[in-house]
Amino acid sequence: MISPLTPPKGTVEELLITGLSEVATPRGSTPLAGSGQGAVERLAGAEVYCRDGRIAFVGTAEERRRQLGELAGAERLDGGGGTLVPGFVDCHTHLPWAGSREGELVMRLQGKSYLEIAAAGGGILSTVRATRAADTDELTALTLRRLDRMLTLGTTTAEVKSGYGLTRRDELKQLHAIRRAAAEHPIDVVPTLLAAHEFPPEYREDHDGWIKVITEEIVPEVAEAGLARFCDVFCESVVYSVEEARRVLLAGAEHGLVPRLHADEFADSGAAELAAELGARSADHLVAVSERGIEAMAEAGVMAVLLPGVSFFLMKDDYAPARRLVDAGVAVAIATDCNPGSSHTESLPFVLQLGIFRQRLTIEECLTAVTLNPACCLGLGEEIGTVEVGKRADLVLLDAPNLLHLGYHLGVNPVRTVVKGGKVVHR
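For every chain, the first residue of the written sequence is number 1, and numbering continues from 1 along that sequence. Per-residue local features of the predicted model are confined to residues with pLDDT of at least 70, and side-chain atom pairs are confined, for both listing and counting, to 80 or more; whole-chain, interface and lining totals are unaffected and use all residues. Heavy atoms throughout the structure, all of them, feed into the side-chain values; hydrogens and water do not.

**Considerations on the overall build of the protein chain**
As a reminder, the rule being used: For helices the rule is a DSSP run of H or I covering at least 4 residues; for strands it is a run of E covering at least 2, with both sets numbered from the N terminus onward. Here the globule rule is a power law, 2.2 Å times the number of residues to the power 0.38, and the radius of gyration is based on C-alpha atoms. Burial classes follow relative accessibility: with a 1.4 Å probe on protein chains only, a residue under 20% of its type's maximum area counts as buried, one over 50% as exposed, and anything between as partly exposed. Only heavy atoms enter the contact rule, under which two residues are in contact if any of them lie within 4.5 Å. Computed with the Shrake-Rupley method and a 1.4 Å probe, the accessible areas treat only the protein chains shown as cover for residues.
Looking only at helices and strands, the protein chain has 16 helices and 18 strands in total. Taken over the C-alpha trace, the protein chain has a radius of gyration of 21 Å; the compact-globule value for 427 residues is 22 Å, and the two agree within 12%. Once the C-alpha set of the protein chain is aligned to its principal axes, its extents read approximately 70 × 45 × 40 Å. Each of the 427 residues in the protein chain was classed as buried or not, and the buried ones make up 58%. Sequence separation of at least 24 residues holds for 74% of the intrachain contacts in the protein chain that already meet a minimum separation of 6. A total accessible area of about 16,100 Å² is found for the protein chain, and carbon and sulfur atoms account for 50% of it.

Written as structure tokens, this is what we have:
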């Protein structure tokens, strides 16, 4: 199938972006950590020229004319005094779900905790019931609707998980819906198998039985069909133990699925240490991570994916220790965790601002956390995540005179225009 972004053979796609106040970007193709997390280059008055889907020039108009001439055949995009940044990368989402859980918000306002709501029949298993009842067409349509909203908010690449099926058939159904949605949408989608999201009702008293289904049936079939890049586990004292998570992730790795973990959200379960032991691509959540876990992640090069929307949505005072992680040399990414129960938002600009105001990261550190670092988390650091010559032209034009307004101006969508593969896909 030819991508809708692929130009006809024999044509050259050109886009010249002018009239910018500044270009703000991290640099490189590997994760930035420690003091490097905030190493963002800000180029005043630069232009960006894209050719055949890639960035071919970044610099002043004078230098562009000297090197490339007037580029009379190129499409023009007037930056209007805005700021150009790399396309946002959301590296932790759960998009293909059915149903709705707004009633749980009312329960939280009445003082109920996430675990109390789950015990009363809500939580993940509530969404599992609705998702099992939906067919692939419905899940595809719902995923596309959420991707549409993400695109308007600047996301150009997204990781998307299964995990609301919890049977072989329904996990595969979700992954097929992800594949179909990806084929129809400008956003690049990276799929993850999360069959170990919760224990299904049929296996509540037989954890070993469900883990065998995952490791002996689901993982091999998913890997053979190429339906997922990653294998993820919700490793937590009330869900999958460290030993159970290890079994699932090792089985995934044997079949070529890269390990990732939901780690230490509610309590220090040792999940961060497990991520380090297995060389996982990331450990996500980390609200209750221990100093030992942080040290292990730093030593092993495991990325921390922080999900501040969850703490905000669940009305918790505790957020992951972002400053401690950065200062310890752990590369940090920020993601939406878009899901119906604990972070119902598609907005990376919103959770980026939570990273600033609730986790005390700098604006520059947060820009890296939604561009280069998550790109590297998904194995795409060579392709996307920065505004540099040779990278894919995934770009976001902010309606802002400089980068600082990304944190300074609250409660609005800062995105004016989105460029994907050198083509304007949203204005």
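From this point, the discussion proceeds with the structure in view.
**Overview of a nonpolar patch on the surface**
This is how it is decided: For patches, a residue must show more than 30% relative accessible area and have no salt bridge; joins then use 9 Å for like charges and 5 Å for nonpolar side chains, namely Val, Leu, Ile, Met, Phe, Trp and Tyr. Note on definitions: salt bridges are taken to be side-chain nitrogens of Lys or Arg within 4 Å of carboxyl oxygens of Asp or Glu.
A cluster of nonpolar side chains, Leu105, Leu109 and Met315, forms an exposed patch at the surface whose accessible area comes to about 290 Å². Tracing the sequence through the fold places Leu105 in helix H2 (residues 102–109). Leu105 gets classed as partly exposed once you look at its relative accessible area, which sits at 36%.

**Regarding the environment of Gln37**
Our working rule: Under this definition, polar contacts are N or O atom pairs within 3.5 Å; protein pairs additionally need one hydrogen-donor-capable and one acceptor-capable atom, and for neighbouring residues in sequence, both atoms have to be side-chain atoms.
The residue Gln37 is located in the loop between strand E2 (22–25) and strand E3 (41–44) in this model. In this structure the C-alpha to C-alpha distance between Gln37 and Val23, which are 14 residues apart in sequence, comes to 18 Å. Every residue in contact with Gln37, bar those within four places of it in the chain, is listed here: Leu32, Val326, Val330, Ala331, Val332, Glu364, Glu365, Thr368, Ala369 and Asn373. A polar contact is formed between the side chain of Gln37 and the side chain of Asn373, at a distance of 3.3 Å.

**Here we look at the pairing of strand E4 (residues 47–51)**
Going by this rule: When DSSP finds at least two bridges between two strands, those strands are taken to pair.
Extensive coverage of E4 is indicated by the burial of four of its five residues. The pairing of strand E1 (residues 14–18) with E4 spans four bridges and is antiparallel. Across the sheet, the residue bridging to Leu15 is Cys50, located in E4. Between E4 and strand E5 (residues 54–59), which pair antiparallel in sequence order, lie two residues; one of them, Asp52, sits at a positive phi of approximately 50°.

**Quick notes on helix H10 (residues 291–300)**
Stated formally: The arc in question is the one traced by the directions running from the helix axis out to the C-beta atoms.
For H10, every residue scored as buried is listed here: Gly293, Ile294 and Met297. For H10, the angular spread of the buried residues around the axis is 100°, confining them to a single face. What points out from H10, more than 90 degrees from its buried face, is the exposed set Arg292, Glu295 and Glu299. Elements that come into contact with the buried residues of H10 comprise helix H9 (271–278), strand E13 (282–285), strand E14 (303–306) and helix H12 (322–327). Positive backbone phi, at 75°, marks Gly301, one or two positions downstream of H10.

**Focus: the sheet that holds strand E6 (residues 75–78)**
The cut-off we apply is this: For helices, the fitted line uses only the C-alpha atoms of the stretch in contact; every axis is such a line through C-alpha atoms, and the angle between N-to-C directions lies from 0 to 180 degrees.
Taken together, four strands build an open sheet; the order of strands is E5-E4-E1-E6 and the sheet is mixed. Edge positions in the sheet fall to E5 and E6, since each has one partner strand and no second. Pairs of neighbouring strands in the sheet enclose a mean axial angle of 20°, with direction left out of account. Taken strand by strand, helix H1 (residues 61–68) contacts E1, E4 and E5, and its axis lies near 125° from that of E5.

**Description of the sheet that holds strand E15 (residues 332–334)**
Spatially, E8-E9-E10-E11-E12-E13-E14-E15 is the arrangement adopted by the eight strands of the open sheet, whose pairing is parallel. Taken across any chain shown, the strands that pair with only one partner, and hence form the sheet edges, are strand E8 (88–90) and E15. Ignoring strand direction, the axes of neighbouring strands in this sheet form an average angle of 25°.

**Side note on the nonpolar core**
Just so we agree on the cut-off: The nonpolar core is taken to be a set of buried Ala, Val, Leu, Ile, Met, Phe, Trp, Tyr and Cys residues, with the residues joined through side-chain atoms within 4.5 Å.
In terms of nonpolar packing, the biggest core is built from 107 residues, with Leu193, Trp210, Ile214, Tyr240, Leu261 and Leu286 touching the most fellow members. Here this core gets seven residues from one element, more than from any other, and that element is helix H7 (residues 207–225). With residues up to four places along the chain from it excluded, the contact list for Tyr240 reads Ala195, Ala196, His197, Glu198, Phe199, Trp210, Ile211, Ile214, Val233, Phe234 and Cys235. Ile17, Cys50, Val387 and Val419 belong to the second largest nonpolar core, which has 15 residues in total.

**Concerning the pairing of strand E16 (residues 395–398)**
Here is the key point about a regular strand: its side chains alternate between the two faces of the sheet. Residues of E16 alternate between two faces, with Leu395 and Leu397 on one and Val396 and Leu398 on the opposite face, all of them buried. Two elements, E16 and strand E17 (residues 415–420), share four bridges in a ladder whose sense is antiparallel. The residue of E17 that forms the bridge with Leu397 is Thr417.

**Remarks on unusual backbone geometry**
A positive phi angle, near 65°, is found at Leu286, a position not held by glycine. Turning to its location among the elements, Leu286 is positioned in the loop between E13 and H10. With a phi close to 60°, Met315 is a non-glycine residue in the positive phi region. Checked against the element boundaries, Met315 lands in the loop between helix H11 (308–313) and H12.

**Some thoughts on the pattern of salt bridges**
According to the stated counting rule, one finds 36 salt bridges in the structure shown. Across the pair Arg27 and Glu41 runs a salt bridge, and its minimum N-O distance is 2.9 Å. Residue Arg27 is found in the loop between E2 and E3, and its partner Glu41 is found in strand E3; the two are separated by 14 residues along the sequence. Residue classification places Arg27 among the partly exposed residues on the basis of a relative accessible area of 42%. Its salt-bridge partner being Asp137, residue Arg180 comes within 2.6 Å of it at the nearest N-O pair. With a gap of 43 residues between them, Arg180 in helix H6 (residues 168–184) and Asp137 in helix H5 (residues 136–152) connect regions that are remote in the sequence. Note on Arg180: relative accessible area 35%, which makes it partly exposed. Judged by relative accessible area, Asp137 falls into the partly exposed class, the value being 47%. When salt bridges that share partners are traced, they join Arg54, Asp188, Glu383, Arg392, Asp394 and Lys420 into one network.

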